[in-house]
Structure formats: C-alpha cells, structure tokens
Amino acid sequence: MIGLFSKKRLASRDDWIVDSVVLLLTLAALAVVTYPLIFVLSSSVSDPVRVVRGEVRLLPVGFTLEGYGRILQYAPVWRGYLNTILYTI
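Residues numbered from 1 in each chain as written. Predicted model: local features only at pLDDT ≥ 70, side-chain atom pairs only at ≥ 80, totals over all residues. Heavy atoms only, no water.

## Some thoughts on the side chain of Ser-46
We apply this condition: Strands are runs of DSSP state E lasting at least two residues, helices are runs of H or I lasting at least four, and both sets are numbered from the N terminus onward. What qualifies as a polar contact is a pair of N or O atoms within 3.5 Å, subject to a donor-acceptor requirement within protein and to the restriction that residues adjacent in sequence count only when both atoms come from side chains. Contact criterion: two residues are considered in contact whenever any of their non-hydrogen atoms come within 4.5 Å of each other.
Its place among the elements puts Ser-46 in the loop between α1 (13-44) and α2 (48-52). One polar contact links the side chain of Ser-46 to the main-chain carbonyl oxygen of Ser-42, over a distance of 2.6 Å. Excluding anything up to four places from it in sequence, Ser-46 contacts Val-51, Val-56, Pro-60, Val-61, Gly-62 and Thr-64.

## Brief notes about the pattern of salt bridges
For side chains bearing opposite charge, pairing can occur when the charged atoms are close. Rules: Salt bridge, as used here, is a side-chain nitrogen of Lys or Arg placed within 4 Å of a carboxyl oxygen of Asp or Glu. When accessible area is computed with a 1.4 Å probe and restricted to protein chains, residues below 20% of their type maximum are described as buried, those above 50% as exposed, and intermediate ones as partly exposed.
The tally for this structure, following the rule as stated, stands at three salt bridges. Two residues, Glu-55 and Arg-53, come together in a salt bridge whose shortest N-O distance is 3.3 Å. Accessibility expressed as a relative area gives 31% for Glu-55, which makes it partly exposed. Between Glu-66 and Arg-70 there is a salt bridge, and its shortest N-O distance comes to 3.2 Å. A residue pair is termed a helical-turn pair when its members lie 3 or 4 positions apart in one helix, as Glu-66 and Arg-70 do in helix α3 (residues 66-73) at four residues.

Rendered as structure tokens:
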C-alpha cells in the first residue's frame, strides 16, 4: 500500500500487464451490465413496431412515450405503488 503512493516506485512490466488485464476485464463487465440497461430504456421509448422488427440496437428509434402512457392508465400499477408505500410505512 505504501508503494502505491510513492513517487519513486516505477511500475514493472508485470504490474503493467496485470493492471491492463484488470482494466480490460472491468470494462468488459461494465459493457455486459450496461448494454442491457440501455437497450431496455431505449426500447421503452421507441416505436413498438420498430422494436419488434429488431431496428432498435442501442439508441431509441421512432421516439414515443406511448408505452408509459398506457402503463400509467393501468389501474393495477397504481395499486402496486400503493401497496409498496403501505408495506414500507
């Protein structure tokens, strides 16, 4: 730990390799976790027909909030929110 903050210590070749591998694995894990989240968000605000056709990859296509409007009009969703609040209290 002390060596990390010392300006005199130079990273060896092995340290550089390990750091690079750890960085690559971390970036890969980040991509694996982040892509599905972005895809779901993009799909939720895209035109449903274009989502079914597979036209949505990462960014929304045919932006619409129709899905959110339908969900907010669906009474059981509001009952679920009420139950969540009551259980929390």
